[in-house]
Structures are given as structure tokens and as C-alpha cells.
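Each chain is listed here by its residues.
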2 protein chains.
Amino acid sequence: MSGRTHQCGELHAQLEGQQVELKGWVQRRRDLGQVIFLDVRDRSGLVQVVFSPDNQEALAIAEKVRNEYVVAVTGTVVKRNEKTINEKLATGEIEIHVSDIEILNASKSLPFQIEADTDASEDVRLKYRYLDLRRPDMQEVFKLRHQTTKFIRDFLDEQTFYEIETPMLTKSTPEGARDYLVPSRVHHGSFYALPQSPQIFKQLLMVSGFERYYQIVRCFRDEDLRADRQPEFTQVDIETSFMGTEELILMMEQMMSGLLKKIHGIDIPTPFKRISYDEAMNRFGSDKPDTRFGMELIDLNEVAKSTEFKVFQNALNSGGMVKGLNLKGGASKLSRKEIDALSEFVKPYGAKGLAWLKVEEEGLKGPIAKFFDESAAASLQTALDAEAGDLLFFGADKASVVQNSLGALRMKFGKEFDLINKEAFNFLWVMNFPLLEYDEDAHRFVAAHHPFTSPLKEDMHLLGSEPEKVRAEAYDLVLNGYELGGGSQRIYKRDVQEKMFKALGFTEEAAREEFGFLMEAFEYGTPPHGGIALGLDRMVMLLAGKNNLRDTIAFPKTASASDLLTNAPAEVSVEQLIDLNLSVIGKKRSEEVKL
Amino acid sequence: MSGRTHQCGELHAQLEGQQVELKGWVQRRRDLGQVIFLDVRDRSGLVQVVFSPDNQEALAIAEKVRNEYVVAVTGTVVKRNEKTINEKLATGEIEIHVSDIEILNASKSLPFQIEADTDASEDVRLKYRYLDLRRPDMQEVFKLRHQTTKFIRDFLDEQTFYEIETPMLTKSTPEGARDYLVPSRVHHGSFYALPQSPQIFKQLLMVSGFERYYQIVRCFRDEDLRADRQPEFTQVDIETSFMGTEELILMMEQMMSGLLKKIHGIDIPTPFKRISYDEAMNRFGSDKPDTRFGMELIDLNEVAKSTEFKVFQNALNSGGMVKGLNLKGGASKLSRKEIDALSEFVKPYGAKGLAWLKVEEEGLKGPIAKFFDESAAASLQTALDAEAGDLLFFGADKASVVQNSLGALRMKFGKEFDLINKEAFNFLWVMNFPLLEYDEDAHRFVAAHHPFTSPLKEDMHLLGSEPEKVRAEAYDLVLNGYELGGGSQRIYKRDVQEKMFKALGFTEEAAREEFGFLMEAFEYGTPPHGGIALGLDRMVMLLAGKNNLRDTIAFPKTASASDLLTNAPAEVSVEQLIDLNLSVIGKKRSEEVKL
């Protein structure tokens, strides 16, 4: 055989009579005695190849072939007759009458079948990731991921961005999440850190005058993992000089709508909707609202005043708020037991309980109905647009507890009762985030985004006096309830950066020690600059309609940050540790245990 | 001011009369009292802006401006008169008559000037890397680097490659260079390793059926650094299934010649020349020959036999070789003292000395001339194409010593005597490398490329019996004497891989422990596959005409793997070490020292 002439999936009836050579995997084998059919698969798709008694030599080889054998076949494209056309298959109008076959490699029986849907457990899929990735489903994801990065690179190149690489072996900084450390062999007792983001370097590139930088870059966080977290993740990292918030937002909208057009052929209307952080929290109880459905949180402070319900009164008197949520038609959807269980659901958000009411033709029903006189009941129903059959839930506490608990409840109902339009791609900008958040554990303010985020100009004067009131010139891009990314204009003047570090509780000395080089850089003609970072894994997950980040990463880690395929992390040799001047505390090495 | 309308460097005489807004850095300021000129620079270039007494307000601001201030200026494009046209400047036909200026940020005096050439020491340049990168020279390098990666990505996309990311937190393997390790917080006493290359993962992607993979990817080696090494480096990583050596080489030639056309407008003839490893060593004394000049190593075994020179006889009798090098016209280029010093130069290559002869009109002159009778002298001159004025050097020892020492001498002369055509881009494939090399320190064979390289089919039978004779189906791409990259067809059958590990001295158990998952993968229908990895930093260095890798990396490390800008690596907090269950051996922490 001389060499592959076609991909399996690109064969069609116009090629009738043509001699072709294919290479690929055997998806399926049907042995009808004197005739054998193989479905041969490659990256492009499937085609049926036929071995007939005319060619006993080929037939004998075909008899030995099993699923997932790698074969090269030569043969002729033949139109199938009407009856045997397979309309489910792209190449179903034809088949290949084989003249020659070579087995390039054999295969043992597989731990699971190579099919779109698999019932293999995720652990098995991860251990045999190289087989899991053969499934057409996964092949599609990585094709989509490639198309996504290619589109973004083309777009940013068109916009005169330079792709510039920043270091992976960098310095541990005290802000943000926990760093992964890399011990230095040369510098005794010193460590590099893997970057949580190239934030400082991309800002330095602006100081260098590159003006438009991008990188699709690996970042690292040594945090306890959740379903939508991985220890290493990829972000589309963008930074620009002399470009304000409006210009950057416009450009990102062009990029994302262009991407949706390219990947799904969908026209996404621009400009995207915008909402302030405060409004997002008030209406949706989330800083990343899923706007694919309604069921907003309704302000009930006025109504609450006219009731006798102590929980409401107490919340209002201590500066909190009362909000309600209307699950339309919910009275018949949830049993009393299920409703009671919801009190547990809201507890992690700080809620002490979950008040509720059913709306019936006769009026409100439920444990707290008695606190609502006729007028209060009417006001409530008007406010919540409630009618018979609806189920109403209430939060009464300090603002963050009410917002977070009802926000979570809203999402739960949205998913459970299928209120979400799954075809929609709802982009949303959440603007004007708070600059700082109070960290109860650390007893100090921490940066809501990162310590280089610029305050809004009009709030700048509050940075020294009332830092909690300062809003940031920061914006998150939200898609379907997921934070796709976040950006901001950055601080570019040394005195502002010094004030920021002070607000974060850094002594002058500590700030100089950790970020001295950046503060110094600010003194040599730093341009106004800002940027954004978008999570690529999550973007691909949403574009591919998946709900697990692991399905978008070729070789992901488990929730305990293990790679089940290679068994990383693993013990290393004593020599390696000695080279690094390190010893492991409090653990016998398995090789010592063996002695 | 509303927003930038143009880049400085794109202004030209056709825009005469137009109102423009520019943003950039002040390159230079000339104050003529009532008129001030500023050269304003942005990423695109320079333009002269003029402040006249007509606008006292702007003039007053311009008086405050210093070099590297960041400014926004609004003004009108005006043609310069004939006399003041600056032909050295792309925008030299025009200037901007300023109506408004805003200082966006100030700058202290710089540690060095922002000019194409700088005499600042490299340490200062690295400490103030953000300023060094402002120099037009460096801006050009990173523009070229961006264009290079963009071209490669476009090319590979066109060839239906998918960009697929592989993990950075992976497993330490015993082969190859020293790994950088990353301690795991979750798995007590375990470590990840940063990849030296994505070799195993890209092969697994072939097992997965992706067929064409590429990635421009960071790799890591914890080795002692040389001028052309960095602890982290970037490679263009490529792997293909069902594509033989010839097809891959053809594709790489298209890619590299296309790149040269794009970057420098040069037509590189294809196919590139090919040479076997053996021939490269014999003719050039190097496995990465610089073919931009001649002065090849000449086989003198026959001539040597007819001389009485013991050193030659001994070399031949003990299975070695005699080779010569002719430095044309060298007799007048090197003094006796300089010639003698060359003995020291070849010592690191194992040579015990360096024999030499001058060719004069009267015949050969020099310490060993006496060993050549008239006939031997004539044969020698013929073999070395020697004429009066030439200087001849000889190597007589085992093959590797002769080749390496004369090869190094050849390169030294080539550079010193300017024999190299610096305009040329000479690509060369070096084919059929040995599969294994004997490691004197480890007392065993090690893989010349890596342990997954396939033997040549015709040498496969020697793998068990005479492993040192086995040639690999491996090829290096050489450009101007630098190894640009290396590739090979890979082993894809389990039994061959097992033999290979055995030849490398692995016990069956050790091979299974380290590479078991790969050997298992080979049993599930692994296609024939092969690929190549090209060093991007080096590629950019050669394209940009630089001779230091650090000039091609935005934030490089020094020879001691330090980042002089951020001071990485650095000590970390005790808490961070405790989290990782690590302690540093034999070193007081600086904070303890302070106590």
C-alpha cells in the first residue's frame, strides 16, 4: 500500500469507481460467513468496507480483525443499492469493496465501548483517558476547543494584539489563592511559584509599550477542588493600553458574538446587556445571574412593614431586608416534605430558615399566613405577581444572606423545573463590583478582584476613609449564569497603588518587599491600561453544552488533584529530594516501609 | 480629549490638515524657548509634535514634560518644509501642530535610554526588563515572535491539526534531564513534575485518534544553564498518525520555507538538503553542521599510513582515524603563539594535542613536517586542496574525539575569520541518528533522542544483540548550525517498547512502574505515529538575527535561573511549607537569622 488517499468520513457517491486507501480503527465487525463487513473509523467519521469471497486472502485477514484494530484498507468506492443505504451515516450511500487489507496494530478487548454515550464510570474513563477521548462526543469537544482558540487568535491578531509569553516559574505573592510552589535546586531554600494568572507580567508589558497583549495561558491554583475547578486551567488573557472600559467591552462583544456565529451559526445581539453588581445581587441574588429565566427576587420591605411577622420586623430593624421569590404553579410541584427540606438547602448561605406561603383561591396558606391581614396579603400578591397555585418563598436577614440564599434557591428551581431555555446564550456584563471585601477570617479587607484593580474615578476619594464603599472599575462577563471572565482598568499611578496596598493591610515595608518592582515600574511612564481574562475551559464547556469542566480538558485531574492515567502526583527518589535540599515531614516513604 | 485616532507611526503627508489624537511616550524633547518639539513614540513608531507660542497653555504643559512621560496630544497634521524633512524617520515628512496636550503619567529619569542600541549591562536590562522591552529593537523581536507563532498556527490549522493542551502538573520520569518538581499539598510526600516535553501525552493523543496534534507549549528542564538554555522554554510540538517520515519532512519544509517567506520575504529552496548523522560527523564534526561555509573535515587515513608520524599510526592502529582541516590563507592569519593556544581549545573535546602544518612555496613547514616525505606531502596537499599560505590542522584519535575537536575548530575559524554568510538561512536534515548512546557515568545505554523513538525497520533485529549499532528513524532539523528541532517515528508496538526499555537497562518491573500506562495503551489499537518538536525561542533568535536566547523571551532567567525583575525564586512563608509537609534541610531561614 502506498499511502492514505482519503479520510473515511469524506467519501461520497461522486467518488464511485475510484480506488481509495483508508487508515483507521475498526468500529464494528459483522461476519456473515463468506462476507465480512467492517465499519472503519477515523477522525472524520465512519465508512463501511466489505470483504467478499472473490478475495480470499483479504477475507482471511478480515476474519482475524477485532474491534479497535488499526487497519489500512485499499478498495473501490461502490454505490449501495437502494435497500442498503444507511441514512444515519454520512457515508451511508456507499461502501468500499476491499482489494487489500493490512493490520497495522491489534487491540485487546476494551474496558468500555467507543460510543457517543458511555455508561463507564468517570474513574474508568479517566484511567483509560486515551480510549475515552476516542468517543465521537469527546472528539467533537476538542475540535470545538481548537476552533475556539483559533477564532480568538485570529480575532485578536486582526485587532493588532501580540501573543507574548510570560513566565511559569515566577514568584509567590501573598494575595489571592494558594500558590503551587516549585523548589529551586540552585537557590537553597528558595521556591518559584506557578502563576495564578500572568497579571503582573501583563501589566509590565503595558509599561513596556506593547499596548495590546494576549496569551492563551495555563494558570494554577492549589485550592480544594469543586466540580468546576481544576488545579491547572487555561485563560484567554488580554491587556491593552490607552483603551477605556467602553472600547474594551465593545471589542469583547465582537469577539464573543463572532465566536458564537462561527461555532454555532448563532447571531448574538450586541451590545450585551449590562447590570450593576448591586442590581445583580438585588434582582438575582447572584453576581453572575443566569438570565435565561425570570423568577427574580422581589423587594418586600414595604409589604413586610405592614405584617406582624417578627422575623420580617427583626430583619428590617437590624438594617437587613426582606425579599420574596414566586415559584409559579409551585403549590402542586412541591410536597410539604420537600418544602421543609428547603430550609436545609438555604442554611449554608447563612439563612436561619425559609418562610413560605401557598397561594390558593381562598387566599394565602401556610405557617406564616396568619401574619398577613387582608391588605398585607393583597400587597404581597401584587408585589410577587402571585396567583392561585403559586408557591412563595421569603428571605429576611442581612442583605448578603437574603440575596445568596434566595439566589441559590432561584437557580435550584430553574434547573429542577426546567425553566431554563437551554438553547439560549445569554451574555451579560456585571459592572462596578466592590473594590474590596471584608475577610472575616483574616480580619482585613481583601481585593474583590485583585489588588491592581482601579477604583472608579468618582469613588477614588473614599479609598482612605471608607474603603468598603469604593466601587471598582471592574466588570465580569457572565454567560448563562457562569462567570466567563473578569476584567478591569488597572491602577497605573504609584500613589494610588500605595493607598490600595494600605487598604489591604500591607505595611509599607511589606508592600515594597512583595510588589516593589511593580511600584517602581509605575514611576517610569506607565500608560493607563486595563484588560480582561476569560476562562477558556468554561467557555468551551458552555459552547459544547457540557456541564463538567473535565470534559473540556484532554487530561484533567480528579477532585483530589490526581491524574488517574499517569498516577501523578507520585513519590520521587531520595536523590531528587536531596538535590532540592528538602525533606518530607511526618511520613515514611513507601520504600522505607518496605525495608 | 475623546480618544486616540491614529498610531504615531502611521501618520503621513496624505493626512495633511487632519485633526488627530495620539497617545504615547515622549522619546525626546527639544526646548527652543518659545517653541518646543517632542518626539512622541508608540508601538508603531515616532512622530514629531510641535508646540508654538500661539498656544501658551499647551506650551506651558510641554515645558513640564520629560523623556518617557506618557502623553495624549491633539493636533493637526502639517507637511514640513523641504529643509526640515527628516528622511530617517518614516513620518519625517510631517509634524503635528499641537492644540492640546494632557500628561497621562510622569516618569523619573531612566537607568538607560530607550534606543535601538544600549550599553547598559545585561543585569541592569533584566532588572528593568519593562524598560529594556521598550527599545525598538526588542519591540521588533516580539512582533516577529508573534508573527512566527501566528504563521505556524495558521499553517497547521490549514493542515487540519488540532491545538490540544496537555498537563503541566504531571509525573516525574527517570529518563532525560532533571525535572522541576511541584510538591502536592493533598498527597502527602508526593510530587508532580513539570513536563520536559509533552511527549507521552502527545503519543496518547494519537492513541486517542486525534491524528494531527500541535501545541506551542512551555517545557521545563532543571539543568545547569548555558547561554542558549533557559529553565523554561517553548516548543512547537507536533504529532501525527499514519504519516511517515517523508510526508512529515515535506510538511515541515513547507512550514519553514513559508515562514521565511512571510518574515523575511526570502525564498528558501525545497526540498532541504539531507545528510546522515554519520556523514555529518565525518564531514563537519557536528550533528548540527553549519553549512553556510565549507572547510570540511577531510579523511586522511590513507595519507597517514604513508607517513612516519607515530601519533597518526597509533590512532589508526587502535581503530581511530586521522582527519585534517585546511584554513585557507591561514598561515598569515594566525601567529605561532595563537596556533599553540589552539591545543588548549581542543582539549575539552578529548584531544591530547593539535598537530599542524604551514604550506609554503617551498613545501610543508612546522613541527611535524619532517614526518612527510615528498610523496606523502603531495598526497596530503592534494587531499586537503592545499596551496601556499594555507594552514593545516590534524586530528588523530578515536573517531568521536577527532570529529568533535576538529568540528569545534572549524566553527571557531568560521566565526573568527568571517567565513559565514550571515544572510543565508541554511536548513538541513540530519537523518538516521543512533538510537542509543552509551552513558559512561551511568554505565548503561541512554536514548539518544528519547525512549519512544522507533529503530529503523532494517535495524530492528539488532536491538537485542547489538544495540549500539541500531539507527533510529529520527531526524533533526538544523538551521545555520543550530538544532532547530528533532523528530522521529515512534515505537507503537508493545513488544518493541519492551525491548527498548530493556536495552536502556530497565527491569520489567521498573518499566511497568514508570511507563505501565503507556505500554498498556499500546495494546488498544495504537496507530503508527511520529512527530517533531521545534524550539520556538531558538527559531525566533535565528529569524531575528540575535545570538542570545534571552533576547527572544519577554521575561527570561539568568544563568543561575533567577528572575532579576521579580527576584524569583524566593523564600516562602513557614505556613506554606507546613501546608506541603516540607522542611528545608541545612539552611537557616533569613527570618530566623534575624532573631
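The model shown is predicted, which means the values in this text are computed figures rather than measured ones. (Residues numbered from 1 in each chain as written. Chains lettered and ligands numbered in written order. Predicted model: local features only at pLDDT ≥ 70, side-chain atom pairs only at ≥ 80, totals over all residues. Heavy atoms only, no water.)

*Asks:* Residues and numbers for the UniProt feature "binding site: L-aspartate" (unreviewed entry) in chain A, please.
*Replies:* Residues and elements named next belong to chain A. Summarizing the sequence annotation, UniProt attributes the feature "binding site: L-aspartate" (unreviewed entry) to Glu175, Arg221, His449 and Arg490 in the numbering used throughout. Along the polypeptide, glutamate 175 turns up in the loop between strand S6 (162-163) and strand S7 (181-183). Using a relative accessible area of 10% as the deciding quantity, one classes glutamate 175 as buried. Setting aside its immediate chain neighbours within four residues, glutamate 175 contacts Gln196, Arg444, Ala447, Pro451, Leu504 and Phe506. (UniProt positions renumbered as here; feature names shortened; annotations may be inferred. Helix = DSSP H or I, 4+ residues; strand = E, 2+ residues; numbered from the N terminus. Buried < 20%, exposed > 50% of the residue type's maximum accessible area, 1.4 Å probe, protein only. Contact = heavy atoms within 4.5 Å.)

*Asks:* Talk me through the UniProt feature "binding site: ATP" (unreviewed entry) in chain A; I want residue IDs and the actual numbers.
*Replies:* Residues and elements named next belong to chain A. What UniProt calls "binding site: ATP" (unreviewed entry) maps, in this numbering, to Arg221, Asp222, Glu223, Gln230, Glu483, Gly535, Leu536, Asp537 and Arg538. As for its position among the elements, arginine 221 is in the loop between strand S9 (212-220) and strand S10 (232-241). Those residues within four positions of arginine 221 in sequence are excluded, and the remaining contacts are Ala177, Arg178, Tyr180, Gln196, Arg229, Pro231 and Phe233. Inspection of the secondary structure assignment puts aspartate 537 in helix H15 (residues 536-543). If sequence neighbours within four positions are ignored, aspartate 537 has contacts with Arg145, Phe233, Thr234, Leu549, Thr552 and Ile553. Within the structure, aspartate 537 has its side chain in polar contact with the side chain of arginine 145 (distance 2.8 Å). (Polar contact = N/O pair within 3.5 Å; in protein donor to acceptor, adjacent residues only side chain to side chain.)

*Asks:* So what's going on with the sheet that holds strand S15 (residues 363-365) of chain A? Which residues, and what values?
*Replies:* Two strands in a sheet stick together by hydrogen bonds in their backbones, pointing the same way (parallel) or opposite ways (antiparallel). Residue and element names in this part refer to chain A. Taken together, five strands build an open sheet; the order of strands is S12-S13-S16-S14-S15 and the sheet is antiparallel. Both edges of this open sheet fall to strand S12 (298-299) and S15, since each of them pairs with a single strand only. Where strand S13 (residues 321-327) and strand S16 (residues 391-397) come together, seven bridges link them in antiparallel fashion. Note that in S16 the partner of methionine 321 across the bridge is aspartate 397. Lying on the sheet, helix H11 (residues 374-383) is in contact with S12, strand S14 (355-360), S15 and S16; it crosses S15 at an angle near 90°. (Pairing = 2+ DSSP bridges. Axes fitted to C-alpha atoms, helices over the stretch in contact; angles between N-to-C directions.)

*Asks:* Can you break down helix H12 (residues 399-416) of chain A residue by residue, with the values?
*Replies:* All names here are of chain A. Between the first and last C-alpha of H12 there are 26 Å, a value that for 18 residues agrees with the 26 Å anticipated at 1.5 Å per step. Here H12 has its buried residues at Val401, Val402, Gln403, Ser405, Leu406, Gly407, Ala408, Leu409, Arg410, Phe413 and Gly414. The elements touched by buried residues of H12 are helix H7 (277-284), S13, helix H10 (336-346) and S16. A positive backbone phi angle near 55° is found at aspartate 418, which sits one or two residues after H12. (Expected span 1.5 Å × (residues − 1).)

*Asks:* Requested: an account of the state of the cysteines, with residues and values cited.
*Replies:* Enumeration according to the criterion identifies zero disulfides over all chains in this entry. In this structure A:Cys219 is not part of a disulfide, and its nearest cysteine sulfur, from B:Cys219, lies 17 Å away. (Disulfide = S-S within 2.5 Å.)

*Asks:* I'd love a proper account of the domain arrangement of chain A, names of residues and values included.
*Replies:* Domain boundaries in chain A define domain 1 (13-105), domain 2 (140-273 + 428-551) and domain 3 (293-420). One C-alpha centre belongs to domain 2 of chain A, the other to domain 3 of chain A, and the line joining them spans 37 Å. (Domains from an automatic or database assignment.)

*Asks:* Talk me through the pattern of salt bridges; I want residue IDs and the actual numbers.
*Replies:* For the structure shown, the criterion picks out 96 salt bridges over all chains. The partner of B:Lys202 in a salt bridge is B:Asp237, with the nearest N and O atoms 2.9 Å apart. Here B:Asp237 lies in strand S10 (residues 232-241) and B:Lys202 lies in helix H5 (residues 199-207), a separation of 35 residues in the sequence. On the basis of relative accessibility, which here comes to 1%, the residue B:Lys202 falls in the buried class. Linking B:Asp390 and B:Lys328 is a salt bridge whose minimum nitrogen-to-oxygen distance equals 2.9 Å. Placement of the pair is B:Asp390 in the loop between helix H11 (374-383) and strand S16 (391-397) and B:Lys328 in the loop between strand S13 (321-327) and helix H10 (336-346), with a sequence separation of 62 residues. The exposure class of B:Asp390 is buried, given its relative accessible area of 2%. Salt bridges sharing common partners tie together A:Arg145, A:Arg218, A:Glu232, A:Asp537, A:Lys557 and B:Glu165. (Salt bridge = Lys/Arg side-chain N within 4 Å of Asp/Glu carboxyl O.)

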